[in-house]
Amino acid sequence: MADYSSNAYWKGRSREQTDIEWHCAYKTLHAVLVPHISKERCSVLVCGSGASTFPEELYDGGVNDVMVVDFNEEALEELRARNASGRSGLRIEQADIGNGLELSSREVGFDLVIDKGTIDCILSQSGGFPRAVNALQAMYSYMKTPATLVLVSHSPPQDRMDLFRSVYWHEVKVGTML
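Residues numbered from 1 in each chain as written. Predicted model: local features only at pLDDT ≥ 70, side-chain atom pairs only at ≥ 80, totals over all residues. Heavy atoms only, no water.

Peer 1: What is the right way to look at the pattern of salt bridges in this model?
Peer 2: When the charged atoms of two side chains lie near each other, side chains of opposite charge can form a pair. Considering all chains together, one arrives at 11 salt bridges under this definition. Linking Arg-87 and Glu-56 is a salt bridge whose minimum nitrogen-to-oxygen distance equals 3.7 Å. Here Glu-56 lies in helix α3 (residues 54–60) and Arg-87 lies in the loop between α4 (73–82) and β3 (90–94), a separation of 31 residues in the sequence. Residue classification places Arg-87 among the partly exposed positions, given a relative accessible area of 26%. The salt bridge involving Arg-91 is made with Asp-65; its shortest N-O contact spans 2.7 Å. Note that Arg-91 is positioned in strand β3 and Asp-65 in strand β2 (residues 65–70), a separation of 26 residues in sequence. (Salt bridge = Lys/Arg side-chain N within 4 Å of Asp/Glu carboxyl O. Helix = DSSP H or I, 4+ residues; strand = E, 2+ residues; numbered from the N terminus. Buried < 20%, exposed > 50% of the residue type's maximum accessible area, 1.4 Å probe, protein only.)

Here it is in structure tokens:
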């Protein structure tokens, strides 16, 4: 099984494939996101996007305050290069969310946090559960009250509920997408 939590895995994959999209594209999640991004000012944290165009599509869809974090600097350089001359509200920062998250350019206060597979990647490594708990707690710590976490996973919801119990949530809604 591939170690999706390994920087080496993603470096190799980004060299082979430049259009990496993990789990689903922006258009697939758009209907889920609309109630959360339609506010006059909405700040979004996208965790583990790699070189995905998802953050750019989110920005182009009207969210002009987007922070992208990933541990793979190579993928982030590609993202920075694509956005060097535009999208001033799209900020890109290298961080390993599995070790907690310390952002240099932003205080607490995201209205929406999006994870499309980062937790899955962390859980793919041996002993990944404690790191996944760290990641989820880090995401939670950067959220406003109230705020929303959209977590997309390949696993069924019941397989993630123990993880969700590691943080106090006011409400957990579960949905499935085909």
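Peer 1: How should the layout of surface pockets be read in this particular structure?
Peer 2: Over the atoms rolls a probe the size of a water molecule, and in doing so it shows where empty space is left. Empty space within the largest pocket amounts to approximately 1100 Å³. Along its surface, the largest pocket is lined by 30 residues, and Leu-149, Val-150, Leu-151, Lys-173 and Val-174 are the ones closest to its centre. When residues of the lining of the largest pocket are traced back to their parent elements, those giving at least two are α2 (26–37), β5 (143–152) and α7 (161–164). Here the lining of the largest pocket gets 10 residues from one element, more than from any other, and that element is β5. (1 Å grid on protein atoms, 1.4 Å probe; cavity = no way out; pocket = protein on both sides within 12 Å on 5 of 7 lines; lining within 4 Å. Points joined across faces, edges and corners; volume = space filled by probe spheres on them.)

Peer 1: Got a minute to help me understand the pairing of β2 in this structure?
Peer 2: Where a strand is regular, its side chains alternate between the two sheet faces. Most of β2 sits out of view: 6 of its 6 residues are buried. Of the two faces of β2, the one carrying Asp-65, Met-67 and Val-69 and the one carrying Val-66, Val-68 and Asp-70 are both buried. For strand β1 (residues 43–47) and β2, the ladder comprises 5 bridges, and the chain directions are parallel. Within β2, the residue paired with Ser-43 across the bridge is Asp-65. Between the parallel pair β1 and β2, the chain is carried across by α3, and the sense of this crossover is right-handed. Note: β2 against β3, 5 bridges, orientation parallel. Residue pairing in the sheet places Val-68 in a bridge with Ile-92 of β3. In this fold, the crossover linking β2 to β3 by way of α4 has right-handed handedness. (Pairing = 2+ DSSP bridges. Right-handed = clockwise from strand over helix to strand, strands pointing away.)

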